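# Coordinates in review
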Amino acid sequence: MKGNTTSILNNKHSPLGHSGEGPNNEEKTFTFDYSFDSTDSRSPNFVTQERVFQDLGCDVLKAAFEGYNACIFAYGQTGSGKSYTMMGHKGDAGLIPRICEGLFCQISEKSQSDAVSFHTEVSYLEIHNERVQDLLQKKSTESRCLRVREHPKDGTYVEDLSKHLVNNYSDVEELMNMGNTNRTIASTGMNDVSSRSHAIFTINFTQALFDAELPCETLSKLHLVDLAGSERANSTQSTGARLKEGANINRSLVTLGSVISALADRSENSQLTSTTKRKKLVFIPYRDSVLTWLLKDSLGGNSKTIMIAAISPAHVNYGETLSTLRYACRAKNIVNTPTVNENSSVKVIKELQEEITRLRGLVEQINQVYHGDLSSTQKVEAKLHESEAKVHALTKEWTNKWGETQNILKEETLALRKEGSGVVLDSQLPHLIGIDEDLLSTGIILFHLKEGRTLVGREEASSPQDIVLHGPGLQNEHCVLENQAGSVTLIPLNGALCSVNGTEVSQSWQLTQGALIQLGRGTMFRFNHPTEAAQLREKRKSGLLSIFNLSMTDLSGSTENLAKVMMLNPGMELEKHQQEQLEKLENQRRHMQEAKERQEKEENELERQLQGVEAQHKEWQEVQESLYRRNQDVERRLWKLLQKRKAFGGEDDQERGGPDGLTYSPAARGDKFNGPAESVCTGGEPDPLLAKYLKDGASLPPPPPVCHLA
């Protein structure tokens, strides 16, 4: 490496280091903006991490303070020094830590000299096996995969990615160490600590100030990317999960190379005029990989991007090194068009200010031409005053927004950070969080307890109250919260109704982390003590305290034990109440289920009985039909018998209608029968009793009753 050139020679098969003949052994030279040699620290050409930061990192910081987006990423094969360049080691920090430290150094300098406000948020993610994961969240057994979205104005973003507000470099360093701990690394045949994922550290940097009495607000997004290296399976000796990771890494890097080549072709094509060659549409395969999709704006859009090509001097890596240099050479042809990212309200203010300047010039011209003709200038002046009023209103609104927010965050020692789809409000002072029973209440109330006495009461109190409350059972001067040397004590006044964790208190009571406070008959708060909570968390991590070692019978008389239980079970009373409600609902659900089962069982029994009744009814019908048929048969036989007797009995019988003066039914005479049986006889042979009835001249007995089932 000499100056800004890098030369490569393949002498693998040449004896004594002399290059052989042929095109593969020719020396190849590439020219870049910078060429850094960091292989041997004893070499006079050795370049330190500080030199790399001065040449590359300072350009990123300059772009950030000017309002541009910026991106810097390292590209190369595994083991070529990408992570060392971007992250570095302990005592020899890389680009990302140095850029973050330099950012806050300049913020502190500008904050002292200029009336400017800054707002900085960071996020850290990794792309492992084409899945996006948040590195600033606690790692669980089942890591949550985040989804990549695209906004029509803001571009691509990661849904539910946590964003953390940082106020100094120490905050950034803590988050960075947490992310590096959660990042996926493994040992391979070429690297003991090989990165198995692509990592992107993003800084959202907002600055607001007045420039020439005009508001100026810019938002810069810095992408600091540490890519995983391309690798060959036979060189890394990877199998199983490592082999799958290597395949996904190579796939995303191949897509990155394709995107770089396509962007270079598009830039070259855009430089050609329509007379020399017709422009062709070049497709950029951003969506072929999650990495290129996330870095879409950085690679070929609104960003100032720096690519670092990390190469290995070993002759066994000649092919990979040559490929990396060629990709870097192609990337030089990409032309981005970065623009300053201004707030939309600020843009409107500047446009109105330009309109005011133009109208003022127009008024002066009209006065010179028409010598102060009021009719010609009134309309222009009215429009001028209207624009000035809009500028004044928008400027005041913008100033109040920044001023009020910044004052609250500074005075109350608050910190806002985005975590997934939520916003977390952190505080360093002891405070109360309101638990409002009003279902229509949508805000969150936080009261800080500063050093000294904090008065709590109503607005009608004779002396001003620090915390003004409205609710049943509250006195004008209800209680005092005293914060002395980090210990907060609740002091009821004049027999006021106060309770802590369900226990009514009438004297001074020391509050502990997570205590539930009720003032009056419905106003409830949760007490948080950040310092005490941090100490208890450390004890819990060290295993000094266990929930099973705490005696539940001593809770009412031991504030210390209560603090420990609250530490392991914050909001214990509230959770207990919720648990009781859940148990009641579960009991009701179980009773309803049992009643439903009983009802189904009874319905099944009723259905079974109904089926039995229907079967019995069918059987009765069959019996009745059988009896009817037998009755018909008997009557026919009787009729035939009587006909024979008639033939021998003479005309007297004929006058009476039959033998012995009896009248027979139509069925007995053989007529068609359409109704119920008129008489019932049993047996197939003539019945002696029937013959007796016939002989004595009696009529047939009535048929037995028939049971009809509905």
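Before reading further, recall that the structure is shown in the block above.
In short, a report on the structure.

## Let's talk about helix α4 (residues 169-182)
Across its 14 residues, α4 extends 20 Å between first and last C-alpha, which sits within 8% of the 20 Å expected from 1.5 Å per residue. Listed in full, the buried residues belonging to α4 are Y169, V172, L175, M176, G179 and N182. Looking straight down α4, one finds that the buried residues subtend no more than 145° of arc, so they occupy a single side. Residues of α4 that are exposed and point over 90 degrees away from its buried face: E174 and T181. Regarding α4, its N-cap is N168, as a side-chain oxygen of that residue lies 3.2 Å from the backbone nitrogen of S170 further along.

## A short note on the packing of aromatic side chains
All told, the structure shown has eight aromatic pairs when counted by the stated rule. Between F30 and F32 the ring centres are 6.5 Å apart and the planes differ by 15°, which places this aromatic pair in the stacked class. Under the relative-accessibility criterion, F32 is labelled buried at 14%. Summarising the aromatic geometry, the rings of F118 and F205 are spaced 5.6 Å apart at their centres and angled 15° between planes, so their arrangement reads as stacked. Here the residue F118 occupies a position in strand β6 (residues 116-128), and F205 occupies one in strand β13 (residues 198-211), the gap between them amounting to 87 residues. For F118, a relative accessible area of 14% translates into the label buried. You can call F205 buried: its relative accessible area is 0%. An aromatic cluster is present here, built from F65, F118 and F205 joined pairwise through their rings. For K110, the ring lying beneath its charged end belongs to F65, and the centroid distance is 5.5 Å. Across the ring face of Y68, the terminal group of K304 is positioned such that the distance to the ring centre comes to 4.2 Å.

Rules of the game
- Residues numbered from 1 in each chain as written.
- Predicted model: local features only at pLDDT ≥ 70, side-chain atom pairs only at ≥ 80, totals over all residues.
- Heavy atoms only, no water.
- Helix = DSSP H or I, 4+ residues; strand = E, 2+ residues; numbered from the N terminus.
- Expected span 1.5 Å × (residues − 1).
- Buried < 20%, exposed > 50% of the residue type's maximum accessible area, 1.4 Å probe, protein only.
- Arc of directions from axis to C-beta.
- Polar contact = N/O pair within 3.5 Å; in protein donor to acceptor, adjacent residues only side chain to side chain.
- Phe/Tyr/Trp six-rings, centres within 6.5 Å; stacked < 30°, edge-to-face > 60°.
- Lys NZ or Arg CZ within 6 Å of the ring centre and 35° of its normal.

In short, shape yes, function no, at least from these values alone.
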